[in-house]
Amino acid sequence: MPPVLCLLMLFGALWSYGEAMSREEKQKFRNQVVEMFDHAYQNYMDHAYPADELMPLTCRGRVRGLEPSRGDVDDALGKFSLTLIDTLDTLVLLNKTTEFEAAVRRVLSDVRLDNDIVVSVFETNIRVLGGLLGGHSMAMMLKDGGQHMQWYQDELLHMAKDLGLRLLPAFNTSSGLPYPRINLKHGVRGPETRTGTETDTCTACAGTMILEFAALSRFTGDPVFEDHARRALDFLWEKRQRNSNLVGTTINIHSGEWVRRDSGVGAGIDSYYEYLLKAYILLGDDLFLQRFNIHYASIMKYISQPPLLLDVHIHKPLLPARTWMDSLLAFFPGLQVLKGDIRPAIETHEMLYQVTKKHNFLPEAFTTDFRVHWAQHPLRPEFAESTYFLYKATGDPYYLEAGRTILDNLNRFARVPCGFAAMKDVRTGSHEDRMDSFFLAEMFKYLFLLFAEAEDIPFDVEDYVFTTEAHLLPLSLSTAPNASSIPSNKTSDEELDDSNFDWTCPNTRLLFPDPAFPRSLREPIRSAVDKSCPRPAPYREPGMGRPPLRAQDFMANNPEHLELLRRMGVSLIHLKDGRVQLVQHATQAVSAVAAEDGVRFMQEMMELSSQQQKEQLPPRAIQIVSHPFFGRVVLTAGPAQFGTDLSKSTTGVRGFVTVAEPYSGCSEITNAEYVQGHIALLQRGQCMFAEKARNIQRAGAIGGIVIDDNEGSSSDTAPLFQMAGDGRSTDDITLPLLFLFHKEGNILLEALKEYREVEVLLSDKARDRGVGVQEEEEDCQTEATTPTSFEPVSQSQMSTEELDQSAPEEVYPAQEEVSPAVEVIKEEEEKAVDPQAETAQPKEERDSEKMEEPRGDTDSNSQSVDELLADWREDLEAFKQMEKDEL
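(A) Here's a closer look at the environment of Trp 237. Tracing the backbone through its elements, the reader meets Trp 237 in helix H9 (residues 224-238). Between the C-alpha atoms of Trp 237 and Gly 207, which are 30 residues apart in sequence, the distance is 9.7 Å.

(B) Quick peek at the state of the cysteines. On inspection of all chains with the given rule, the structure shows 3 disulfides. Across the disulfide, Cys 59 is cross-linked to Cys 418 (sulfur-sulfur distance 1.9 Å). Here the disulfide of Cys 59 and Cys 418 is right-handed, its torsion about the S-S bond being about 95°. Here Cys 59 is found in the loop between strand E1 (53-55) and strand E2 (60-62), whereas its partner Cys 418 is found in the loop between strand E15 (415-416) and strand E16 (419-420), with 359 residues between them in sequence. Given a relative accessible area of 29%, Cys 59 falls into the partly exposed group. Cys 418 sits in the buried class, given a relative accessible area of 6%. Here Cys 666 connects covalently by a disulfide to Cys 687, the sulfurs 2.0 Å from one another. On the sign convention where negative is left-handed, the bridge of Cys 666 and Cys 687, at about -85° about the S-S bond, is left-handed.

(C) Representation of the packing of aromatic side chains within the structure. Tallied over the entire structure, the rule returns 28 aromatic pairs. On the basis of an interplanar angle of 55° and a centroid distance of 6.2 Å, the ring pair of Phe 389 and Tyr 446 is categorised as tilted. Taken together, the positions of Phe 389 in helix H14 (residues 382-394) and Tyr 446 in helix H16 (residues 437-451) put the pair 57 residues apart, joining distant regions of the chain. Phe 389 sits in the buried class, given a relative accessible area of 4%. Of the residues examined, Tyr 446 reaches a relative accessible area of 0% and is grouped as buried. By way of ring pairs, the aromatic residues Phe 37, Tyr 41, Phe 420, Phe 439 and Phe 444 are connected into one cluster. Between Arg 240 and the ring centre of Trp 237, over which it is positioned, the NZ or CZ distance is 3.8 Å.

(D) Quick peek at the sheet that holds strand E27 (residues 703-707). The strand order across the open sheet formed by 7 strands is E24-E23-E30-E25-E26-E27-E29, and the pairing between neighbours is mixed. Edge positions in the open sheet fall to strand E24 (633-637) and strand E29 (737-740), since each of these has one partner strand only. When the angles between neighbouring strand axes are averaged without regard to direction, this sheet yields 35°. Contacts between helix H23 (residues 742-755) and the sheet are confined to strand E23 (620-624), E24, strand E25 (653-659), strand E26 (679-683), E27, E29 and strand E30 (759-763), with E29 contributing the most and set at about 105° to the helix.

(E) Structural detail: the sheet that holds strand E12 (residues 324-326). Judged by pairing direction, the sheet is antiparallel, and its 3 strands sit side by side in the order E12-E13-E14 without closing on themselves. Both edges of this open sheet fall to E12 and strand E14 (372-374), since each of them pairs with a single strand only. Sheet twist, expressed as the average angle between the axes of neighbouring strands with direction ignored, equals 30°. Where strand E13 (residues 365-367) lies against E14, 2 bridges are found, and the strand directions are antiparallel. Looking across to E14, one finds that Phe 366 is bridged to Val 372.

(F) Just the confidence of the model for the chain, in detail. Averaged over all residues, the pLDDT of the chain equals 81, while 75% of them reach at least 70. Confidence over residues 1-18 falls short of pLDDT 50; this stretch has 54 contacts with residues more than four positions distant or in other chains. A low-confidence stretch, residues 771-865 stays under pLDDT 50, and its non-local contacts, those more than four residues away or across chains, total 292 contacts.

(G) The arrangement of the packing of helix H8 (residues 210-220) against H9 in detail. One way to put it is that H8 packs onto H9 with a least axis distance of 7 Å and a crossing angle of 155°. As judged from the angle between their axes, H8 and H9 are roughly antiparallel. The handedness of the crossing between H8 and H9 comes out as left-handed. Judged by residue contacts, Ile 210, Phe 213, Ala 214, Leu 216, Ser 217, Arg 218 and Thr 220 of H8 engage Val 224, Phe 225, Glu 226, Ala 229, Arg 230 and Leu 233 from H9. Taken together, the residues of the contact of H8 with H9 sort by class into 8 nonpolar, 2 polar and 3 charged.

(H) Region of interest: helix H11 (residues 286-303). Taking 1.5 Å per residue as the helical rise, H11 with its 18 residues ought to reach 26 Å, and the 25 Å between its terminal C-alpha atoms agrees with that figure. The buried count for H11 comes to 14 of 18 residues, which makes it a mostly enclosed element. Taking the backbone nitrogen of Leu 287 as reference, a side-chain oxygen 3.0 Å away marks Asp 285 as the first, capping residue of H11.

The rules behind each value
Residues numbered from 1 in each chain as written. Predicted model: local features only at pLDDT ≥ 70, side-chain atom pairs only at ≥ 80, totals over all residues. Heavy atoms only, no water. Helix = DSSP H or I, 4+ residues; strand = E, 2+ residues; numbered from the N terminus. Disulfide = S-S within 2.5 Å. Buried < 20%, exposed > 50% of the residue type's maximum accessible area, 1.4 Å probe, protein only. Phe/Tyr/Trp six-rings, centres within 6.5 Å; stacked < 30°, edge-to-face > 60°. Lys NZ or Arg CZ within 6 Å of the ring centre and 35° of its normal. Pairing = 2+ DSSP bridges. Axes fitted to C-alpha atoms, helices over the stretch in contact; angles between N-to-C directions. Contact = heavy atoms within 4.5 Å. pLDDT = per-residue confidence, 0-100. Parallel < 35°, antiparallel > 145°, perpendicular 65-115°, else oblique. Left-handed = near helix turned anticlockwise from the far one by under 90°. Nonpolar A, V, L, I, M, F, W, Y, C, P; charged D, E, K, R; others polar. Expected span 1.5 Å × (residues − 1). Polar contact = N/O pair within 3.5 Å; in protein donor to acceptor, adjacent residues only side chain to side chain.

Laid out in structure tokens, this is it:
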């Protein structure tokens, strides 16, 4: 039997356990998927096209250069109507032939590929080139049917070739690995085109080209594309660690040295493994399967710890590299289904399903005890993908129920009037103004196929392979002439272990001797996730003597405190965002004893920071519940350390908003008759937060929202913080006070301007849309372990000049793609104090072999500064890499 078909025939073996979902129920959910797709697609076309993506909260298109930069995430945007191209083959799969034909005409007439803009080679390949090729495949299929697209003359394929030629210069390196970015108009020319200066790329970025490039070669007959993609794969294979047969996460594109030696199946590596197996399926070349099987054996030996998949070091594969997992690994059970290894696929999927049910969505990263590590969820489709493949392989209706959970959560928590909004924080249900193109390209394909019957699908999906962006490439390409002019770098016989290969189809009766077998695998995992809610380690008082000024008593507006700091050699640096950074210079203290007191004060401040991080108040949610929002817009808000604790309220505080006069709230409220019984809107600055709260409380307000006065600030790009008291007792403050950055506050103010009466719900997390109050779920209190922007450190030997040079690097870490931890802010005259503000530190290069320690298990006072910074840099680097991978 041909091995290409062997892997796919696993899907034909169906069995069921328990009560199957009726055809009527499946049809209902299938229709619901189509309605949700229409809601997302039509809002993109109405409010965003021809922009690359839709901003669903503000109902407009995201145009690169016109919106605040989000860093590497924006490299996917090339002013080429990304979402429309990425959605082409989804339209056909969902039987929207008329819309597909109109979309193709729009692409041909409106889209330009020669824009003077720098884009990600990886993202442009999988989304745009893949989208054009998938669209071409669908157009040819429809044309051959004789009813539709009769006018089509390979126009999408011509655009695909044009784009492929624009990407080719990226491969002009000594290794054959592509540069991570390229200018669509000028190629790679150096700094003047903002390209050609990078030295590193992720393994997935270089190893996820073969499907699209080989398909382009075989469609056009030009071997140059497949040649370059094969050369990159050959180089990565040669650079694998020969003892572990694993690859690292980041590699130098010139020397081939591994920059990051941690290895897993998630961000940075994921689709490299996926494309080895799928290249074998699509192209029929045994070499790809051989390499995949060698890698897979090592993955199962070192990385797989069912149901977990934990990163290890390629040189020390028995040592874990981290204690958390990222959400991109959710694709792996689906890949294991293609491999025919069903048992670990069931186990890992069940773990992911339980985490999903605990948090409504998969957090971007979560710990081995299933706490939130990074709280965002940009509507990723990988879990839905694996759910579909497992249902196809087993026929178990359990996976239909998992699909229904995905549908329900998307509608309850992510649906907004102008589409579906990414989750900024799965704990609170707050939104991000973002709907990535992959949501339309992938999510609705897999959900539709999950609930569809064979007659609902306009073609046989078994005749196609899904790319990592779920674009459809025909398996008939395996019979197209293989015109590659570069000889394959064959795997030597010495490297092969015949026991790794399954050249025959797996016998599903042997895989499942008992129909209840999959359930027996799932039950222990469900119990493990349910019981894994350990409490954070208790705070331990530092064992040193007390300095004259205690860190917990410090107030930045107290002249006596400032004088004490000066005597101890501690100085304050006012930052642009209103925070104050603490720096200690022992040489500037008035005496040796005072210098020692300063060191102790900074150590105590570090300990206080650690305690506050452990006892972190999670972000709160402001949900607009009045017409026409009806709870579908949720804003991330910072909490206060005083007033009503919303986490202890089952209903939150609900009321209409009104602007206080004066807007600062720093004196007696003059429009008390309007504020009474309402939630008052206030502007940050001029006085302490507690003073604002007292003034609106005296006016009869039931709550308050402080809006940042720093124009352009956003929780997307700035760390959220807690509002601290004023040093006095705040027991008299009984109303809730929340903080919004300028961007989120503007959404609320614009709604008030347009609709006059705007009702909001202040709560610990968003309530169910359309119901008003979400049923309380038994859930563990998740703890944010996101890297924060500071750790106070004594700098007893540092000169002022050194401080000025190093401070900016440590004060301004790239936070824009990181789920912000909540920091504590005490405000005075538009200035804020960050008691966790990081003091300047001479930078040391992190040893790439250094392992990250679990954050909750080590007392911060016993950790060195270098360890703290190394942990922070590793988390931040991993998150950045995650955003560079498939979004």
